[in-house]
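Each chain, written out:
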Amino acid sequence: MRVVRTIRELRAELAERRGAGAARVGLVPTMGALHEGHLSLLRAARAENDAVVLSIFVNPKQFTEGADLDAYPRTEVSDTDAAEAADVDIVFAPAASEMYPAGYATTVSVGGALTETLEGAGRGTAHFDGVATVVAKLLIAVGADAAYFGQKDAQQLLVVRRMAADLGIPTRIVSCPTQRDDDGLALSSRNTLLSDEERSRAVAIPRALQAVRSAVLEGARDVAELRTIALSMLHASNLEPEYLAFADPATLEEVAVIDRPVLVAIAARVGAVRLIDNLLLGSEPEQREES
Ligand code: AMP
């Protein structure tokens, strides 16, 4: 495994591997602090490609709060160990000055409801500008055949698909199911920032989602009723969601009745830590999807 810091080194390393017969290159973009969610993406990439690139870059452009960027966990040494164990070929871990050198002036911005709602409303549209910009740069730098993303960040996945389609970037975008702890909490690098008390309250987020799923399985269809169920579970753990959305999984438009597949998405601050989670109603079990 090679750890490279510059796009030039990355390209040279990839050229060598392609020259040696690596036909398919898979990319897993991350911000590091690797957990089982990231490892599941690496396994999917490993199974389908001849060479696997893991990128680790805490992208300042997608953070809309400086304190959040400063607090974000950085664990590069254990990340590279985990990458080695996951049979990654190349770790691309650039400095911010490599991705955004002096004079850098280009932003990739996906317009419309995909970026203005949910996370875009909560964190500001600059968040998804940062995501679209860095992912476009990574897809281009790697020339990836396939790139792997988690359904945990469902809106990000939609934005990345839109961006790649609109820019004609021919990388297959693959979504992988959300990995969870035993109690249901979606794995997240941010979970390490929770106190024990916050960690136990955070589990109300997946429980609220599961309560919605159970109610729908029992026949509930009215979103107002489902919202009440979810909110009461969150409130019982003293959580006030930033949003609790019932949305069309392709367009993110709000829905009022569960009469087709619906994405249920929650963002909530637990103490200082902002967590997100979601589930897709009407497509069980969670499916892997491609475009
Ligand atoms: P991050 O390092 O948080 O930017 O995440 C990098 C990638 O891992 C993104 O595509 C995330 O959606 C994905 N990811 C994060 N958490 C999980 C999880 N619990 N299960 C599956 N994928 C995840």
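This structure is a prediction, so every number in the text was calculated from the model and none was measured.

(A) Just the overall build of the chain, in detail. For the chain, the count of helices and strands is 12 helices and 10 strands. Here the C-alpha radius of gyration of the chain, 19 Å, is about what a compact globule of 291 residues would show, namely 19 Å. If one aligns the C-alpha atoms of the chain with their principal axes, the spans along those axes are about 60 × 35 × 35 Å. Within the span of the chain, comprising 291 residues, buried residues form 53% of the whole. When the accessible surface of the chain is summed, it comes to about 12,700 Å², and 51% of that surface belongs to carbon and sulfur atoms. Considering the chain, the positive charge centre built from 29 side chains and the negative charge centre built from 42 side chains are found 4 Å apart.

(B) A look at the pairing of strand S3 (residues 51-56). Within S3, six of the six residues are buried, which leaves it mostly tucked inside the rest of the structure. Residues of S3 alternate between two faces, with Ala-51, Val-53 and Ser-55 on one and Val-52, Leu-54 and Ile-56 on the opposite face, all of them buried. As paired elements, strand S2 (residues 25-30) and S3 share six bridges and run parallel to each other. Across the sheet, the residue bridging to Pro-29 is Ser-55, located in S3. Here S3 pairs with strand S4 (residues 90-92) via three bridges, running parallel. Counterpart to Ser-55 in the pairing with S4 is Phe-92.

(C) Quick peek at the side chain of Thr-133. For Thr-133, the location among the structural elements is in helix H8 (residues 126-142). Looking at Thr-133, the relative accessible area reads 1%, which means it is buried. Residues within four places of Thr-133 in sequence aside, it is in contact with Tyr-100, Tyr-104, Thr-106, Thr-107 and Val-108.

(D) Broad picture of the site of the ligand. As a matter of local geometry, the ligand sits amid 17 residues, with Met-31, His-38, Asp-153, Gln-179 and Leu-187 nearest to it. Backbone polar atom of Met-31 to an oxygen atom of the ligand: 2.9 Å apart, as the coordinates give it. Here the ligand loses 93% of its free accessible area of 490 Å² to cover by the protein chains. Among the secondary structure elements, those contributing two or more residues to the shell around the ligand are S2, helix H2 (36-48) and strand S5 (146-150). Examining the composition of the shell around the ligand, we find that three residues originate from one element, H2, more than from any other. Class assignment for the residues of the shell around the ligand results in seven nonpolar, eight polar and two charged.

(E) Structural context of the environment of Asn-191. Examined against the element boundaries, Asn-191 turns out to sit in the loop between strand S6 (172-176) and helix H10 (196-202). Apart from residues no more than four positions distant in its own chain, Asn-191 is found in contact with Leu-185, Ala-186 and Leu-275. Within the structure, Asn-191 has its side chain in polar contact with the backbone oxygen of Ala-186 (distance 3.0 Å).

(F) Seen up close, the sheet that holds strand S8 (residues 262-270). With antiparallel pairing, three strands are arranged side by side in an open sheet as S7-S8-S9. Every interior strand has two partners, whereas the edge strands, strand S7 (241-247) and strand S9 (273-281), have only one. Within the sheet, the average angular offset between the axes of one strand and its neighbour, ignoring direction, is 10°. Two strands pair when backbone bridges link them, and S8 and S9 are joined in this way by nine bridges, in the antiparallel orientation. In the strand pairing of S9, Ile-266 is matched with Asp-277. The sheet strands contacting helix H11 (residues 204-217) are S7, S8 and S9, and the helix crosses S9 at an angle near 20°.

(G) Expanded view of the packing of helix H1 (residues 7-19) against H8. Between H1 and H8, whose axes approach to 9 Å, the crossing angle comes to 40°. In this view, H1 runs oblique relative to H8, as classed from their interaxial angle. Note on element contacts: H8 touches H1 through Ile-140, Ala-141 and Val-142, opposite Ile-7, Leu-10, Arg-11, Leu-14 and Arg-18. In the contact of H1 with H8, the residues fall into six nonpolar, no polar and two charged.

(H) Representation of H2 in the model. Across its 13 residues, H2 extends 19 Å between first and last C-alpha, which sits within 8% of the 18 Å expected from 1.5 Å per residue. At its buried positions, H2 is contacted by S2, S3, S5 and S6.

The rules behind the values
- Residues numbered from 1 in each chain as written.
- Predicted model: local features only at pLDDT ≥ 70, side-chain atom pairs only at ≥ 80, totals over all residues.
- Heavy atoms only, no water.
- Helix = DSSP H or I, 4+ residues; strand = E, 2+ residues; numbered from the N terminus.
- Rg over C-alpha atoms; globule rule 2.2 N^0.38 Å.
- Buried < 20%, exposed > 50% of the residue type's maximum accessible area, 1.4 Å probe, protein only.
- Areas by Shrake-Rupley, 256 points an atom, 1.4 Å probe, with all protein chains shown as cover.
- Lys, Arg positive; Asp, Glu negative; His and termini not counted.
- Charge placed at Lys NZ, Arg CZ, Asp CG, Glu CD.
- Pairing = 2+ DSSP bridges.
- Contact = heavy atoms within 4.5 Å.
- Near = heavy atom within 4 Å.
- Polar contact = N/O pair within 3.5 Å; in protein donor to acceptor, adjacent residues only side chain to side chain.
- Nonpolar A, V, L, I, M, F, W, Y, C, P; charged D, E, K, R; others polar.
- Axes fitted to C-alpha atoms, helices over the stretch in contact; angles between N-to-C directions.
- Parallel < 35°, antiparallel > 145°, perpendicular 65-115°, else oblique.
- Expected span 1.5 Å × (residues − 1).

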